[in-house]
Amino acid sequence: MAKPVLLTVDDDREVLRAIERDLRRKYGSDYRVLRAGSGPEALEIVRELKIRNNTIALFLIDQRMPGMSGVECLSQAITLFPDAKRVLLTAYADTDAAIAAINDAGINHYLLKPWDPPEENLYPVVDELLEDWEAAFPPQFEGIRVLGNRWSPVSHSIKDFLARNHVPYQWLDIETAASDSEVRSLIGLLDEEETRSLPIVILPNGERLKQPSLVDLAEHAGLKTRATEAFYDLAIVGGGPAGLAAAVYGASEGLRTVMIEREAPGGQAGMSSRIENYLGFPTGLTGADLARRAVVQARRFGVEIISAEATEVRIDGPYRLLKLANGEELSCHALLVATGVQWRKLDAPGVERLTGAGIYYGAAMTEAMSTKGEDVYVVGGANSAGQAAMHFSRYARRVVMLVRGSSLNASMSQYLINQLKATPNIQIEFNSSVAEAHGENHLEAISIHCAETNEVNKVPASALFIMIGAAPNTDWLANIVERDERGFIYSGPHLTRDGKRPNGWKLDREPGLLETNVPGIFVVGDVRHGSVKRVASGVGEGSVAISFVHQYLSKVV
Ligand SMILES: Cc1cc2nc3c(=O)[nH]c(=O)nc-3n(C[C@H](O)[C@H](O)[C@H](O)COP(=O)(O)OP(=O)(O)OC[C@H]3O[C@@H](n4cnc5c(N)ncnc54)[C@H](O)[C@@H]3O)c2cc1C
């Protein structure tokens, strides 16, 4: 934690240095002592400290300074640090002004210059004030802060990215400015252009990023965005359960392993509010927990995790070359594709326009808190939608599930159906779908079509979460590996048709169980044609694939 600040201000350089020295000597181990030679300079420091979310514990300010008096300086400074203790340094002749200031600027104490010896005239006063301050001092949040509007899609994607990458951050919603003095004072410190460019990300060192791209944000948040090596034994694209398992097994068995993930490790599973059927966790665990544990495990074995998107694969003899969206290229002998699936888009008027502004794909955990006391709509009838409904029911006034079919039995696990039925604020509307989304700047209402009555009803809604199935996103691999008509990648036995090996296959063996039509390129998890779409099966495939990788590598020249 950054040390709280003692700020001393005096236009007389010698006095300033002397008081700084005395303060440092006694308080330097617990406090940071800063100095300023004038009121305006002090206010500049105060603003900067506020933006960095540092704390000022005490002002020690000379009263008689040209341009701006100590009291004038203090009355402005305390609007940003109202809890700081205030000491005015005065000459004997200014005692009256100091006494008047006790009321005007809420001065806690005034000290007559000179204060020598400090043990008698300075420290006892400061000790007492700092003791009081410490007793009431609220610990400051020290990480990244995001200041923006709840309804902004960019704000949503920044929060989502930071949360899923386990980067601690503080969200400050400008809509709460009227009731939250912290938000109000931060807004007051931004310049005009910054106010127009919200959301703004404020880093612990005070640097401000206006509407940063996720790549920019990743770099500033300390995530690795570039590979350290030019060559790896194994490169894994996708950091969901399948990719993470492959990474752990690969690295633990001695392969130089890199894992490339464009959003956040954990994949779809990382978005699950509670996985209840994963072996070994009888009370279930959140997807975020599973992802965090797996990342720690992978790092422990030396896996390099890069926050980047893979966009192209090239083959050059025994090398598989992977191009990343940031322009980098890395080379490997074995490539494992574990890119899973992404949410299918809901095609209804208004949905695209309001996505990120009240409409979200997936469970969007970061939005759960802001649905407190509201009505939430969840579209979908599979396990993911059921879990999301259970999760939001803890915050929202009411959760309405819109299910296209007439029952959940075919699409959802029985344990989850039982939980939904037993939760009083969850309501399930069968034969229902979203016909339109309405709202100016954010979602305000939805029209729901009922297939049974053919009626359309418009209802007020501020949050809609869509979970209507998913599709693989493998177009970037289209010219390299064989895929089915929906984009899922073929592997092993699926590649052999009428007893014939895949086109271009030159080896005197069949493609391995999890190998694609290109030797040395493997596929695991949800993106694989014919896979079982579950966490455990993804983890199983990721782990098993490593033994095929070893077999392949043993023959690579
Ligand atoms: C909300 C929800 C709840 C679920 N609950 C359960 C449950 O309780 N039990 C259960 O067994 N299963 C559950 N599932 C299903 C389970 O999460 C998936 O089957 C599993 O996550 C698939 O793992 P995967 O590694 O194959 O792919 P994914 O989890 O989809 O991960 C793929 C990763 O690849 C990344 N990626 C994609 N393309 C690229 C690229 N070009 N470059 C870099 N990275 C890329 C993605 O960002 C993603 O992180 C749930 C799914 C969801 C969405």
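All values derive from a computational prediction rather than experimental measurement.

**Some points on helix H12 (residues 287–300)**
Thinking step 1. Taking 1.5 Å of rise per residue, 14 residues should cover 20 Å, and H12 covers 20 Å from first to last C-alpha, within 8% of that figure.
Thinking step 2. Looking at the buried side of H12, the elements it contacts are helix H11 (241–252), strand E12 (304–307) and helix H15 (535–555).
Thinking step 3. Just downstream of H12, Gly302 is the residue with a positive phi angle, here 95 degrees.

**Observations regarding a negative patch on the surface**
Thinking step 1. Together, Asp30, Glu128, Glu131, Asp132 and Glu134 give the surface a local cluster of negative charge.
Thinking step 2. By secondary structure assignment, the location of Glu128 is in helix H6 (residues 123–136).
Thinking step 3. Judged by its relative accessible area of 53%, Glu128 is exposed.

**Describing the packing of aromatic side chains**
Within a pair of aromatic rings, the relevant descriptors are the distance that separates the centres and the angle that separates the planes.
Thinking step 1. Counted according to the given criterion, the structure contains 7 aromatic pairs.
Thinking step 2. Between the aromatic rings of Tyr27 and Tyr123, the centroid separation amounts to 5.8 Å while the plane-to-plane angle is 85 degrees, which identifies the pairing as edge-to-face. Here Tyr27 is found in helix H1 (residues 13–27), whereas its partner Tyr123 is found in helix H6, with 96 residues between them in sequence.
Thinking step 3. Given the relative accessible area of 6%, Tyr27 is considered buried.
Thinking step 4. The exposure class assigned to Tyr123 is buried, which follows from its relative accessible area of 5%.
Thinking step 5. A ring pair is formed by Phe522 and Tyr552, whose centres lie 6.2 Å apart and whose planes are at 75 degrees; its orientation type is edge-to-face. In this pair, Phe522 is assigned in strand E26 (residues 521–523) and Tyr552 in helix H15, connecting sequence segments 30 residues apart. Note on accessibility: Phe522 and Tyr552 belong to one class, buried.
Thinking step 6. Taken together, Tyr360, Phe392 and Phe465 form an aromatic cluster joined through their ring pairs.

**Structural notes on the packing of H1 against H6**
Thinking step 1. Between H1 and H6, the least distance of the axes is 12 Å, while the angle of their chain directions is 55 degrees. Judged by the inter-axis angle, H1 sits oblique to H6. For the pair H1 and H6, the crossing hand works out as right-handed. Judged by residue contacts, Asp22, Arg25, Lys26 and Tyr27 of H1 engage Tyr123, Val126, Asp127 and Leu130 from H6.
Thinking step 2. Tallied by class, residues from the contact of H1 with H6 come to 4 nonpolar, no polar and 4 charged.

**A word on the pattern of salt bridges**
Thinking step 1. Inspection of every chain in the model, using the stated rule, returns 33 salt bridges.
Thinking step 2. Salt-bridge contacts for Asp10 lead to Lys113; the nearest nitrogen and oxygen are separated by 3.2 Å. Residue Asp10 is located in the loop between strand E1 (5–9) and H1, and its partner Lys113 is located in the loop between strand E5 (109–112) and helix H5 (118–121); the two are separated by 103 residues in the primary sequence.
Thinking step 3. Residue Asp10 is classed as buried on the basis of its relative accessible area, which comes to 1%.
Thinking step 4. We note a salt bridge from Glu219 to Arg226, for which the minimum N-O separation is 4.0 Å.
Thinking step 5. A relative accessible area of 36% means that Glu219 is categorised as partly exposed.
Thinking step 6. In this structure, a network of salt bridges that share partners links the residues Asp160, Arg164, Arg262, Glu263 and Glu309.

**Details of the site of the ligand**
Thinking step 1. Glu261, Gln268, Gln387, Asp526 and Val535 are the nearest of the 34 residues found near the ligand.
Thinking step 2. At 2.6 Å, a side-chain N or O of Glu261 approaches an oxygen atom of the ligand.
Thinking step 3. A distance of 2.9 Å separates an oxygen atom of the ligand from a polar atom in the backbone of Val535.
Thinking step 4. Starting from 1,000 Å² of accessible surface for the ligand in isolation, the protein chains cover 96%.
Thinking step 5. Looking at the shell around the ligand, the elements with two or more residues in it are H11, strand E11 (257–261), strand E16 (342–343) and helix H13 (383–392).

**Here we look at the nonpolar core**
Thinking step 1. Membership of the largest hydrophobic core comes to 38 residues, with the highest contact counts inside it found for Leu7, Val46, Ile56, Phe59, Leu74, Phe81 and Leu147.
Thinking step 2. For this core, the secondary structure elements donating two or more residues are E1, helix H2 (39–51), strand E3 (56–62), helix H3 (70–80), helix H4 (95–104), helix H8 (181–189) and strand E8 (200–202).
Thinking step 3. Once you skip the residues sitting within four places of it in the chain, Leu7 turns out to touch Leu34, Arg35, Ala42, Ile45, Val46, Ile56, Leu58, Phe59 and Leu60.
Thinking step 4. Within the second largest apolar cluster, 27 residues are counted, among which are Val295, Val524, Ile546 and Val549.

**Things to note about the sheet that holds E8**
Thinking step 1. Taken in spatial order, the 4 strands line up as E7-E6-E8-E9 in an open sheet, and their pairing is mixed. Either end of the sheet is taken by a strand with one partner, and the two such strands are strand E7 (169–173) and strand E9 (208–210). Shown here is a sheet whose adjacent strand axes are inclined to one another by a mean of 20 degrees, direction ignored.
Thinking step 2. Relative to E7, strand E6 (residues 144–148) runs parallel, the two being bridged by 5 bridges. Within the sheet, the bridge partner assigned to Val146 lies in E7 and is Trp171.

Rules behind the numbers
- Residues numbered from 1 in each chain as written.
- Predicted model: local features only at pLDDT ≥ 70, side-chain atom pairs only at ≥ 80, totals over all residues.
- Heavy atoms only, no water.
- Helix = DSSP H or I, 4+ residues; strand = E, 2+ residues; numbered from the N terminus.
- Expected span 1.5 Å × (residues − 1).
- Contact = heavy atoms within 4.5 Å.
- Patch = residues over 30% accessible without salt bridge, like charges linked within 9 Å, V, L, I, M, F, W, Y side chains within 5 Å.
- Areas by Shrake-Rupley, 256 points an atom, 1.4 Å probe, with all protein chains shown as cover.
- Salt bridge = Lys/Arg side-chain N within 4 Å of Asp/Glu carboxyl O.
- Lys, Arg positive; Asp, Glu negative; His and termini not counted.
- Charge placed at Lys NZ, Arg CZ, Asp CG, Glu CD.
- Buried < 20%, exposed > 50% of the residue type's maximum accessible area, 1.4 Å probe, protein only.
- Phe/Tyr/Trp six-rings, centres within 6.5 Å; stacked < 30°, edge-to-face > 60°.
- Axes fitted to C-alpha atoms, helices over the stretch in contact; angles between N-to-C directions.
- Parallel < 35°, antiparallel > 145°, perpendicular 65-115°, else oblique.
- Left-handed = near helix turned anticlockwise from the far one by under 90°.
- Nonpolar A, V, L, I, M, F, W, Y, C, P; charged D, E, K, R; others polar.
- Near = heavy atom within 4 Å.
- Polar contact = N/O pair within 3.5 Å; in protein donor to acceptor, adjacent residues only side chain to side chain.
- Core = buried A, V, L, I, M, F, W, Y, C linked by side-chain atoms within 4.5 Å.
- Pairing = 2+ DSSP bridges.

None of this, on its own, says anything about what the molecule does.
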